[in-house]
Amino acid sequence: EIAADMFVAAERLDSSENHATNICYAYAKAGRKDRSKEWAKRAHERQPSAVTAFNLSCDATGKEQESLLRQALDLDANIPDALLLLGKLLKRSSNQEGDEMIEKCIRILNRQLDSHLISKDGCRNLIAAAEINNNQDIAAKAKARLESFNDAPVYDEDNLVSTTGQLSLLAR
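A quick note: this is a predicted structure, and the numbers were derived from the prediction, not measured. Within each chain, residue numbers correspond to sequence positions counted from 1 in written order. Whole-chain, interface and lining totals are the exception, using all residues; otherwise, since this is a predicted model, local features are given only for residues with pLDDT of at least 70 and side-chain atom pairs are given and counted only at 80 or more. Computation of side-chain values: all heavy atoms of the structure, hydrogens and water removed.

## Section: the pattern of salt bridges
Definition used for salt bridges: Asp or Glu carboxyl oxygen within 4 Å of a side-chain nitrogen of Lys or Arg. Evaluation of the coordinates by the stated rule reveals 13 salt bridges. Here Glu38 ties to Arg42 by a salt bridge, and the two come within 3.0 Å at their closest N and O atoms. Taken together, the positions of Glu38 and Arg42, both in helix H3 (residues 33-46) and 4 residues apart, correspond to about one turn of that helix. Relative accessibility under 20% of the residue-type maximum defines a buried residue, over 50% an exposed one, and the middle range a partly exposed one, all with a 1.4 Å probe and only protein chains included. On the basis of relative accessibility, which here comes to 32%, the residue Glu38 falls in the partly exposed class. Note that Asp114 and Lys141 form a salt bridge whose closest N and O atoms lie 2.9 Å from each other. One end of the pair, Asp114, is in helix H7 (residues 97-114); the other, Lys141, is in helix H9 (residues 136-151), and 27 residues separate them in sequence. Note on Lys141: relative accessible area 36%, which makes it partly exposed. Look at the salt bridges and you will find they share partners, linking Lys63, Glu66, Arg70 and Glu97 into a network. Labels follow the DSSP assignment, with helices taken as runs of H or I lasting at least four residues and strands as runs of E lasting at least two, numbered in each case from the N terminus.

## Some remarks on the layout of surface pockets
Using only the protein atoms, space was sampled on a 1 Å grid; points where a 1.4 Å probe fits but cannot get out form cavities, open sets with protein on both sides within 12 Å along at least five of seven lines form pockets, and lining residues are those with an atom within 4 Å of a point. Grid points are joined across faces, edges and corners, and a volume is the space filled by probe spheres set on the points. The space that makes up the largest pocket amounts to roughly 1,800 Å³. Listing elements by their share of the lining of the largest pocket, those giving two or more residues are helix H2 (20-29), H3, helix H4 (50-57), helix H6 (80-92), H7, helix H8 (120-132) and helix H10 (157-171). By residue number, the principal contributor to the lining of the largest pocket is H2, which donates 6 residues. Three residue categories are used. Nonpolar comprises Ala, Val, Leu, Ile, Met, Phe, Trp, Tyr, Cys and Pro, charged comprises Asp, Glu, Lys and Arg, and polar comprises the others, including Gly. Considered class by class, the residues forming the lining of the largest pocket number 17 nonpolar, 12 polar and 10 charged.

## A few points about the nonpolar core
Most often, soluble globular proteins have nonpolar side chains that are buried together. The set of buried Ala, Val, Leu, Ile, Met, Phe, Trp, Tyr and Cys residues whose side-chain atoms join them within 4.5 Å is what this entry labels a nonpolar core. Ala82, Leu86 and Leu126 are the most contacted members of the largest nonpolar core, which has 31 residues in total. Mapped by element, the contributors of at least two residues to this core are H4, helix H5 (62-75), H6, H7, H8 and H9. Among the elements that make up this core, the one with the highest residue count is H7 (7 residues). Throughout, a residue-residue contact means that at least one pair of heavy atoms, one from each residue, lies within 4.5 Å. Not counting residues within four places of it along the chain, the set of residues in contact with Leu86 comprises Glu66, Leu69, Arg70, Leu73 and Met101. Judged by nonpolar contacts, the second largest core, of 13 residues, contains Ala20, Ala26, Trp39 and Leu68.

Distances and angles like these do not, on their own, reveal function.
This is the structure in structure tokens:
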């Protein structure tokens, strides 16, 4: 919560700053769902993006959730979280498009896993997607990687190299 409060303070000091998405994330991590939801809406109103649409979708239901997830994927067709969530939603209504989205999610996250660029959340999503599609080999590989996160020191050669690679990908 302190991180979110610091971002709010930074915005108060300079009204040209936009930290709404960071504030939303920080409140969510602090367990402040009400404040996170408020800032998710504010972030999307200020500057709609795939991330802000996805964040808003997390608190929506039904057609509104589907619409926000589609908006997120229209803005960035390769967001595994949105692909998985919308895929699951569509599968529940027997829409074959859901299978395609889950397969795409698996392809993206499996590439990240093979490249050692996957996060803990990415592993969890890959496990969920692979289990939905009964792909036990990929699920097992992702589970093993997730368990290795718990055994690895916070900073080591592999982590630092991997982090550098992720940052250069994010900068593009």
